[in-house]
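Take a look at the letters that make up each chain.
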Amino acid sequence: QVQLVESGGGLVQAGGSLRLSCATSGRTGRNYAMAWFRQAPGNYREFVAATSGLDGSTYYADSVKGRFTISRDDAKNTLYLQMNSLKPEDTAVYYCAARFSGKAITTTLSGYYYWGQGTQVTVSS
């Protein structure tokens, strides 16, 4: 059974940094795309960043481009999200997600089959 477990969330001041981790168990390798989404109170869950299982390419939402970096360590079966220059509007629960078998990046929620439980990120002004 595939499980995703996020960690690394917390409270940080605006302009600060956090690194989120998503540990994967139940399968290995990089033959599938993975992504980060986030959901703020009262908002829909939105796409943040993704990495391909084909060639390691990445894709970002415009709102985080240049500030966030997604990466994966296949030896540790872990996905990361490095978040720099954080803003109060980045406050949300952050979720990692993995496709069932697709390698290509998709930005839609329905494209991802496995989800973690989420980790809270709060950015104070």
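Residues numbered from 1 in each chain as written. Predicted model: local features only at pLDDT ≥ 70, side-chain atom pairs only at ≥ 80, totals over all residues. Heavy atoms only, no water.

## Re the overall build of the protein
The helix and strand tally for the protein stands at zero helices and 11 strands. Along the chain direction, N to C, the helices and strands of the protein fall in the order β-β-β-β-β-β-β-β-β-β-β. Here the C-alpha atoms of the protein give a radius of gyration of 13 Å, agreeing with the 14 Å that 2.2 N^0.38 yields for 125 residues. Taking the principal axes of the C-alpha coordinates as reference, the protein spans close to 40 × 25 × 25 Å. Within the span of the protein, comprising 125 residues, buried residues form 45% of the whole. For the protein, restricting intrachain contacts to residue pairs at least 6 apart in sequence, the fraction spanning at least 24 positions comes to 60%. In the form shown here, the protein has an accessible surface area of approximately 6300 Å², with 48% of it arising from carbon and sulfur atoms. (Helix = DSSP H or I, 4+ residues; strand = E, 2+ residues; numbered from the N terminus. Rg over C-alpha atoms; globule rule 2.2 N^0.38 Å. Buried < 20%, exposed > 50% of the residue type's maximum accessible area, 1.4 Å probe, protein only. Contact = heavy atoms within 4.5 Å. Areas by Shrake-Rupley, 256 points an atom, 1.4 Å probe, with all protein chains shown as cover.)

## Notes on the sheet that holds strand β3 (residues 18-25)
Ordered in space as β1-β3-β8-β7, the four strands form an open sheet in which the pairing is antiparallel. Looking at the sheet topology across the chains shown, the edges are occupied by β1 (3-7) and β7 (68-73). Each adjacent strand pair in this sheet contributes to an overall mean axis angle of 15 degrees, direction not counted. In terms of strand pairing, β7 meets strand β8 (residues 78-83) through six bridges, oriented antiparallel. Residue pairing across strands places Ser71 opposite Tyr80, the latter belonging to β8. (Pairing = 2+ DSSP bridges. Axes fitted to C-alpha atoms, helices over the stretch in contact; angles between N-to-C directions.)

## Points about the nonpolar core
Leu4, Trp36, Val48, Phe68, Leu81, Met83 and Tyr94 are the most contacted members of the largest nonpolar core, which has 33 residues in total. Listing elements by their share of this core, those giving two or more residues are β3, β4 (34-39), β5 (46-51), β7, β8, β9 (92-98) and β11 (119-124). Non-local contacts of Val48, meaning those with residues more than four positions away in its chain, are made with Trp36, Phe37, Arg38, Tyr59, Tyr60, Ala61, Val64, Phe68, Leu81 and Tyr94. (Core = buried A, V, L, I, M, F, W, Y, C linked by side-chain atoms within 4.5 Å.)

## Topic: the pattern of salt bridges
Applying the stated criterion across every chain, the model contains five salt bridges. Salt-bridge contacts for Arg38 lead to Glu46; the nearest nitrogen and oxygen are separated by 2.6 Å. Here Arg38 falls in the buried class, since its relative accessible area comes to 6%. Residue classification places Glu46 among the partly exposed positions, given a relative accessible area of 37%. Linking Asp74 and Arg72 is a salt bridge whose minimum nitrogen-to-oxygen distance equals 3.5 Å. A relative accessible area of 14% places Arg72 in the buried class. One network of salt bridges, in which partners are shared, links Arg38, Glu46, Arg67 and Asp90. (Salt bridge = Lys/Arg side-chain N within 4 Å of Asp/Glu carboxyl O.)

Function cannot be read off these values alone, since they describe shape.
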